[in-house]
Structures are given as structure tokens and as C-alpha cells.
Amino acid sequence: MADISSTTVPEQSLLAQFGGAGDYRDCFVRDVAGTVSLAEFIERFYCSAAFRPERLVLGLMGRGESNADARAVARGEADRFAVWRVVERRETEALLEARETGTASWFAVEPLGNGTRLCFGSWVGNLEQSGWKALLRLHVWYSRFLLGAVRF
């Protein structure tokens, strides 16, 4: 797996500003060579082999989407993908909420000298009563796994 680090959620990010003060948030980062746009990151994340099982489950639930649908959300041409709805998008970051699950996913790219830092984070509202607390260790592992599987 690629070198993934856990870090503090950036204060001015869409993720930090979403939800309430006591909600759960995490942020994982990975540095890659070359310039990667936000659209490329989101598309490759949702179209990755690692994300395919989740898309299969969503499809069985009647919420499946195609690679073209992922591409449209990544490029800002659509505001929905499977269970996620784009809450807000900036040039270098996007926040997608899945209201049915009380969660949100955050994507960001930061230019580095000769590469790009990929940032992937999550928000969970009302962690103590949502049932997500019991799944937190699995969630952290899965987030790291998904970020590490994005290929450039």
C-alpha cells in the first residue's frame, strides 16, 4: 500500500467547516509524483479497483452508478453520485454528503514542488449515537486502503 499518513483536518477546509463542533472528522494524505487535478483524483478514486466492491453493493441496493457518472461528478458536470451529493466544491477541494448514512467524504489536492498531495477525509455526524463508533477502526483502515489504491 502507498505511504498514507493521518493528519489534522485543515482548519479552513470544507470538511472542517461542515457539521457541528463535536462531530467526527478524519484526514489522510498521500503524496504522488506529478500534477493531479481534483477532477482526476475524484474520478480515479471512485473508478478504482478498491472501490469496485462498494459500487457493487450500492448497485445491489439500486444506487449503482457508472464510471461515466463518477467522471461527471469529478468534473463538476453533475452533483450526485450513488448515495453522495456534492455539498460544496472549490478549485482544489470537494465535499460530498451521504445523508442516508450521516456521513460525508472530502477530497482535496495540494500542489507540492514536484508532485501533488492527495487528501481524503470523512465526516460522521453524531458519532456516539449513530452506530458508526463501533465501525471506526474498520473505517480508518478502509479510508487508508482506498486512498492507497488510487493510481496515477
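### Section: the sheet that holds strand S4 (residues 84–89)
Whenever strands of a sheet pair, they do so through backbone hydrogen bonds, lying parallel or antiparallel.
Then, in step 1: Pairing within the open sheet is antiparallel, and its seven strands lie in the order S1-S2-S7-S6-S5-S4-S3. At either margin of the open sheet sits one strand with a lone partner, and together these are strand S1 (5–6) and strand S3 (80–81).
Then, in step 2: Of the strand pairs in this sheet, strand S5 (residues 93–98) and strand S6 (residues 103–111) are connected by six bridges, and their pairing is antiparallel. The residue bridging Ala 94 from the neighbouring strand is Phe 107, located in S6.

### As for the nonpolar core
Then, in step 1: With 31 residues, the main nonpolar core has Phe 41, Phe 45, Tyr 46, Phe 81, Trp 84, Leu 96 and Phe 107 as its most contacted residues.
Then, in step 2: Counting residues per element, the ones that place at least two in this core are strand S2 (24–33), helix H2 (38–46), helix H4 (67–74), S4, S5, S6, strand S7 (115–124) and helix H6 (136–149).
Then, in step 3: Top contributing element to this core by residue count: H2, with five residues.
Then, in step 4: When residues no more than four places from it in sequence are discounted, the contact partners of Phe 45 are Phe 51, Phe 107, Phe 120, Leu 146, Leu 147 and Val 150.
Then, in step 5: In this structure, Leu 14, Leu 95, Ala 104 and Trp 123 belong to the second largest nonpolar core, which totals twelve residues.

### Thoughts on the environment of Thr 116
Then, in step 1: Mapped onto the secondary structure, Thr 116 falls in strand S7.
Then, in step 2: Thr 116 sits in the buried class, given a relative accessible area of 3%.
Then, in step 3: Sequence spacing of Thr 116 and Ala 49 is 67 residues, and the spatial spacing of their C-alpha atoms is 21 Å.
Then, in step 4: Among all residues touching Thr 116, those that are not within four sequence positions of it are Arg 30, Asp 31, Val 32, Gly 34, Thr 35, Val 36, Val 109 and Glu 110.
Then, in step 5: Only 2.7 Å separates the side chain of Thr 116 from the backbone oxygen of Gly 34, close enough to count as a polar contact.

### Considering the pattern of salt bridges
Then, in step 1: If you walk through the whole model with that rule in mind, you get six salt bridges.
Then, in step 2: Its salt-bridge partner being Glu 43, residue Arg 71 comes within 2.8 Å of it at the nearest N-O pair. Of this pair, Arg 71 sits in helix H4 while Glu 43 is found in helix H2, placing the two residues 28 residues apart along the sequence.
Then, in step 3: Notably, a salt bridge pairs Arg 85 with Glu 97, separated by 2.9 Å at the nearest N-O pair. Residue Arg 85 is located in strand S4, and its partner Glu 97 is located in strand S5; the two are separated by twelve residues in the primary sequence.
Then, in step 4: What you see here is one network of salt bridges that share partners, running through Arg 85, Glu 97 and Arg 99.

### A word on the pairing of S7
Then, in step 1: Across the ten residues of S7, nine count as buried, placing the element largely inside the fold.
Then, in step 2: Here ten bridges tie S2 to S7, and the two strands are oriented antiparallel to one another. Within S7, the position partnered with Ala 33 by the bridge is Gly 115.
Then, in step 3: Relative to S7, S6 runs antiparallel, the two sharing nine bridges. In the strand pairing of S7, Trp 106 is matched with Gly 121.

### A closer look at the pairing of S4
Then, in step 1: As paired strands, S3 and S4 are joined by two bridges and run antiparallel to one another. Among the inter-strand pairings, Phe 81 is bridged to a residue of S4, identified as Trp 84.
Then, in step 2: Connecting the antiparallel pair S3 and S4 is a turn made up of two residues, with Ala 82 showing a positive phi of about 55 degrees.
Then, in step 3: Pairing geometry for S4 and S5, over four bridges, is antiparallel. Note that in S5 the partner of Arg 89 across the bridge is Ala 94.
Then, in step 4: Counted between consecutive antiparallel strands, the loop separating S4 from S5 contains three residues.

Calculation rules
- Residues numbered from 1 in each chain as written.
- Predicted model: local features only at pLDDT ≥ 70, side-chain atom pairs only at ≥ 80, totals over all residues.
- Heavy atoms only, no water.
- Pairing = 2+ DSSP bridges.
- Helix = DSSP H or I, 4+ residues; strand = E, 2+ residues; numbered from the N terminus.
- Core = buried A, V, L, I, M, F, W, Y, C linked by side-chain atoms within 4.5 Å.
- Buried < 20%, exposed > 50% of the residue type's maximum accessible area, 1.4 Å probe, protein only.
- Contact = heavy atoms within 4.5 Å.
- Polar contact = N/O pair within 3.5 Å; in protein donor to acceptor, adjacent residues only side chain to side chain.
- Salt bridge = Lys/Arg side-chain N within 4 Å of Asp/Glu carboxyl O.

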